[in-house]
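A look at the structure
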Amino acid sequence: MRGLEIFVVYRSPADYPGAWIVRRSTVTETGAMIWDASPFSVRGTLFGAREAIPPGLVRLDRDPSDPPVIWEIWL
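Residues numbered from 1 in each chain as written. Predicted model: local features only at pLDDT ≥ 70, side-chain atom pairs only at ≥ 80, totals over all residues. Heavy atoms only, no water.

Things to note about the confidence of the model for the protein
Looking at the protein, pLDDT values average 91 and 99% of them are 70 or higher. For the protein, strand β3 (residues 33–35) is the element with the lowest average pLDDT, namely 83, and strand β6 (residues 70–74) is the one with the highest, namely 96. (pLDDT = per-residue confidence, 0-100. Helix = DSSP H or I, 4+ residues; strand = E, 2+ residues; numbered from the N terminus.)

Shown next, in the form of structure tokens:
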């Protein structure tokens, strides 16, 4: 599948309380968002979660309108 992969770092989501989770999503060429609900990585710290992010990506801070469990986004 072609498109832009996005990696979202979550802090203590309901399905993994106390953990840092990285989930991968894809924006397709048509602009559709395909969410992957299964974790790309489960870590115990923010540093650990960041280590799971593929190299060469850029970090974006969370938007104030994002749910509180979203910590940051990587493109």
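We are not done yet, so read on.
A closer look at unusual backbone geometry
Positive phi outside glycine occurs at Ser12, with the angle close to 55°. With respect to the secondary-structure elements, Ser12 resides in the loop between β1 (4–11) and β2 (20–27).

So, a nonpolar patch on the surface
There is a patch of nonpolar side chains on the surface, built from Leu4, Val58, Leu60 and Leu75 and spanning about 320 Å² of accessible area. For Val58, the location among the structural elements is in the loop between α1 (46–52) and β5 (59–61). A relative accessible area of 51% places Val58 in the exposed class. (Patch = residues over 30% accessible without salt bridge, like charges linked within 9 Å, V, L, I, M, F, W, Y side chains within 5 Å. Areas by Shrake-Rupley, 256 points an atom, 1.4 Å probe, with all protein chains shown as cover. Salt bridge = Lys/Arg side-chain N within 4 Å of Asp/Glu carboxyl O. Buried < 20%, exposed > 50% of the residue type's maximum accessible area, 1.4 Å probe, protein only.)

Re the pattern of salt bridges
A complete count under the given rule lists five salt bridges for this structure. Among the salt bridges present, the one from Arg24 reaches Glu5, with a minimum N-O distance of 3.9 Å. With Arg24 in strand β2 and Glu5 in strand β1, this pair connects stretches of sequence that are 19 residues apart. By relative accessible area, Arg24 is classed as partly exposed at 29%.

Section: the packing of aromatic side chains
Summed over all chains, the structure comprises two aromatic pairs. Measuring from ring centre to ring centre gives 5.0 Å for Phe7 and Phe40, while their planes differ by 65°; the resulting arrangement is edge-to-face. Of this pair, Phe7 sits in strand β1 while Phe40 is found in the loop between β3 and β4 (41–43), placing the two residues 33 residues apart along the sequence. For Phe7, a relative accessible area of 2% gives the class buried. Relative accessible area serves as the criterion here: at 34%, Phe40 is assigned to the partly exposed category. Geometrically, the ring pair formed by Trp20 and Trp71 is edge-to-face, given 5.2 Å between the ring centres and 90° between the ring planes. Within this pair, whereas Trp20 is found in strand β2, its partner Trp71 is found in strand β6, the two being separated by 51 residues in sequence. (Phe/Tyr/Trp six-rings, centres within 6.5 Å; stacked < 30°, edge-to-face > 60°.)

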